[in-house]
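Next come the chains, spelled out residue by residue.
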Amino acid sequence: MNELYQPIETLAGVGEKRAAKYHKLGIHTPYDLLFHFPRTYIDYSKPVLIADAENGIPCAVRCTVVQKLAVAFVRKGFTIYRVVVTDGISDMLLVFYNTPYTYQAMKSGEEYYAYGKITGGFLRREMQSPQVQKVGSAMLLQPVYPQTTGLTSAMMRTNIRRALMYLEQQPVETMPDSLMHDYQLIPLVDALRAVHRPESAAELEAARHRLAFEELLQFQLGTLMLRHRSSGQTAVSMSESVSMQDFYDHLPFSLTSAQQKSIQTICKDLCGSKPMNRLLQGDVGSGKTAVAAAAAAFTAKNGMQTVLMAPTEILAQQHLHTMTEFLSPLGIQPVLLTGSTKAKEKREIKKQIADGTAQVVIGTHAVIQKDIDFHTLGLVITDEQHRFGVAQRAALAEKGGCPHKLVMSATPIPRTLALIIYGDLDITLLDEMPKGRLPVQTFAVTGGFRERAYSFIKSHLDAGEQAYLVCAMIEESDTLENVQAAETYAETLKQGAFSDYHVGLLHGKMKPAEKEAVMAAMKAHEIDLLVCTTVVEVGVDVPNATLILIENADRFGLAQLHQLRGRVGRGAVQSYCILVTDSKNEDARERLKIMSRTTNGFAIAEEDLHLRGPGDFFGHAQHGMPPLMQAAFCSNMPLVSETQMAAKQLLAFDPELKDPAHQALRTAVLQLFAKNGENGLN
Ligand code: ADP
Ligand code: MG
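Just so we're clear, the structure is a prediction, and the values are computed from it rather than from any experiment.

Novice: Break down the sheet that holds strand β22 (residues 576-580) for me, citing the residues and quoting the values.
Specialist: Across the sheet, six strands lie side by side as β17-β22-β21-β18-β20-β19; this open sheet has parallel pairing. One side of each edge strand has no neighbouring strand; the edge strands of this open sheet are β17 (441-445) and β19 (503-506). The average angle at which neighbouring strand axes cross in this sheet is 15°, direction not considered. By the bridge criterion, four bridges tie strand β21 (residues 545-550) to β22 in an arrangement that is parallel. Across the sheet, the residue bridging to isoleucine 548 is cysteine 577, located in β22. Where helix α20 (residues 586-597) meets the sheet, it contacts β17 and β22, and its direction lies at approximately 160° from that of β17.

Novice: For the site of ligand 1, give the residues involved together with the corresponding values.
Specialist: Around ligand 1 there are 14 residues in total, and Gln259, Gly285, Lys288, Thr289 and Arg437 lie nearest to it. Within the side chain of glutamine 259, an N or O atom sits 2.9 Å from a nitrogen atom of ligand 1. Contacts to ligand 1 include glycine 287, whose backbone N or O atom sits 3.1 Å from an oxygen atom. Protein chains shield 70% of the accessible area of ligand 1, which is 560 Å² for the free molecule. Of the pockets mapped on this structure, ligand 1 occupies the second largest pocket. Classifying every residue of the shell around ligand 1 by side-chain character gives four nonpolar, seven polar and three charged.

Novice: Quick one: what's the story with unusual backbone geometry, residue by residue and with numbers?
Specialist: Even without a glycine there, the phi angle at histidine 525 is positive, about 60°. What makes histidine 525 partly exposed here is its relative accessible area of 30%. Positioned with a positive phi, leucine 657 is a non-glycine residue whose angle comes to about 50°. In this fold, leucine 657 is placed in the loop between α23 (637-653) and α24 (663-672). A relative accessible area of 0% means that leucine 657 is categorised as buried.

Novice: With reference to specific residues and values, describe the pattern of salt bridges.
Specialist: Considering all chains together, one arrives at 13 salt bridges under this definition. Lysine 134 is paired through a salt bridge with glutamate 110; the nearest N and O atoms lie 2.9 Å apart. Within this pair, whereas lysine 134 is found in strand β8 (residues 131-134), its partner glutamate 110 is found in the loop between α3 (100-105) and β6 (111-120), the two being separated by 24 residues in sequence. Under the relative-accessibility criterion, lysine 134 is labelled partly exposed at 38%.

Novice: Tell me about the sheet that holds strand β13 (residues 360-364), and name the residues and values.
Specialist: Ordered by their spatial adjacency, seven strands build an open sheet running β12-β13-β11-β14-β15-β10-β16, and the pairing between neighbours is parallel. Edge positions in the sheet fall to β12 (335-337) and β16 (426-430), since each of these pairs with one other strand and no more. With strand direction ignored, the average angle separating the axes of adjacent strands in the sheet is 20°. Of the strand pairs in this sheet, strand β14 (residues 377-383) and strand β15 (residues 404-409) are connected by five bridges, and their pairing is parallel. The partner of leucine 379 across the bridge, within β15, is histidine 404.

Thresholds, definitions, all that
Residues numbered from 1 in each chain as written. Chains lettered and ligands numbered in written order. Predicted model: local features only at pLDDT ≥ 70, side-chain atom pairs only at ≥ 80, totals over all residues. Heavy atoms only, no water. Pairing = 2+ DSSP bridges. Helix = DSSP H or I, 4+ residues; strand = E, 2+ residues; numbered from the N terminus. Axes fitted to C-alpha atoms, helices over the stretch in contact; angles between N-to-C directions. Contact = heavy atoms within 4.5 Å. Near = heavy atom within 4 Å. Polar contact = N/O pair within 3.5 Å; in protein donor to acceptor, adjacent residues only side chain to side chain. Areas by Shrake-Rupley, 256 points an atom, 1.4 Å probe, with all protein chains shown as cover. 1 Å grid on protein atoms, 1.4 Å probe; cavity = no way out; pocket = protein on both sides within 12 Å on 5 of 7 lines; lining within 4 Å. Sits in = over half its atoms within 2 Å of the grid points. Nonpolar A, V, L, I, M, F, W, Y, C, P; charged D, E, K, R; others polar. Buried < 20%, exposed > 50% of the residue type's maximum accessible area, 1.4 Å probe, protein only. Salt bridge = Lys/Arg side-chain N within 4 Å of Asp/Glu carboxyl O.

Spelled out as structure tokens, the structure:
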């Protein structure tokens, strides 16, 4: 019997409660657990001097205990334990709240590694709730697992250690021999052991290489398989002979040449017998909606229907408004179908959709995907704003009747990577902004400048404009810590600097309806200053918002900063973006300078790729990718190309991965592209 595939409860130390928590993470067996990768590592191997530590950034310090201070009982249920330590040059306090264990274990005169954020002033610096390891006994690279309530990294380390024992007793290999050999990959067993219990940075690197290779390979196999499937289908083809002149004549502006070119490409696709599968990538504000409207007009002139799906109700309404402006002069009246459409009206609209009188249907994904009967559906347009996932692509590929498909995405991705991430789609770039836009003026400043920035913001609020203040304090978006930070920040501003203004709050832990209500209030100018975590990326158009201030700007990738900045600069008034950072890190400063220099999203994405490697593009949910844990650490483009080559090689001989040697890969690919339990690729 192989313990690796038994229920997770069978693992020593895992009871019913902990098992339930593991199940929530999709971990059901010890084998699954081995693929729950560390988010990062505490690196005790490079301790810094207390004096050199940057405030608020986690670091490791090697220190000796000078004195254990008396336990302070502040009030019932609140006890503070403090230890004075020295690194030989300066002192600091280690502070533990309500947790006596580490304090009790530490001994005067002994040496420890302490890891955490150092705060406090010049006179007395302190590290709160640090992780402490005795020097000599420590794993120098200690894995830290993704945060989950009730499951600490320490528990996971213990459980994983046991699972690794099972694996070593009965080794498993998921990669075919040929690939192992051709690409010189280390065995899975070694890689899993090293990623969970690295003995050196070099060993960890080799493990990550192997695991990243595998993740990227699976991803690319999936995209290529999607493309292969759709290539066999036929679509209803349209006729090129319809005239689009009246559409152009009625537009309130003249199209950019990028818009013209994309419209031509799309109409050509629509006239082919192969279903279009195209991604229209254009920076925020590049005018994707006009292109969508042209495609819808072309489809209507060909006697077929278009459906445009938006991720939220507000965006659907926004689309209805714009599309009506562009299409009604041609006698085309778009209809709207969302969750809040009244039952009676819904019946009426459904009837119009079924009998073909509704030529253009706009709505939210959820509503439109459910039981709607089209008369002759010719074109499906999906507006994904920022995220466009593989699950959606798999779902699109599945859609019956084979309409043409156009996906609009506002995330600029470097061309080289886009070809891989969206390997199943043809790509069109809208890489030109409409004329006459005022580029957003961007400044990078230190925290000392904050008060002046507030005054600057206030002067604009007084002029009737609106502002965003983004305050994700740590990298991962919308953890509880971020939400609390945003709440506290909003409260402080309400009581203090902005007490004369309407201050709103938006964060990722709010329910969708609450979020929409806040955004609607922002749109209606019932809010002057909106304090938010990064959820503001979800893309609502508030042309009156002219200012965005981003705290801890150095913690964001360039692409993400660019997305955030795209919230302003949407009207005729000059807009500003203020990036606040106290980082002394050279790279961070260089990145912020790039932001000040350019407003072209594609140029910025290229710089990001160059500076941080491709990992960011695979690790962030905002690109719509499934989180590829190890690929997120990948810093070299060659690995990405290599895996694409490998995927093509494999599929050339075995397009559906039916060969028994490819069984493990096939299962993994299906899982990666699965949606709500059903296999999009099956
Ligand atoms: P996005 O690509 O972000 O979806 P939109 O389609 O919402 O951009 O367009 C942004 C704004 O620019 C809209 O107000 C739209 O009417 C306007 N616009 C689009 N194309 C042009 C153009 N060629 N010239 C001037 N304004 C344009
Ligand atoms: Mg748009």
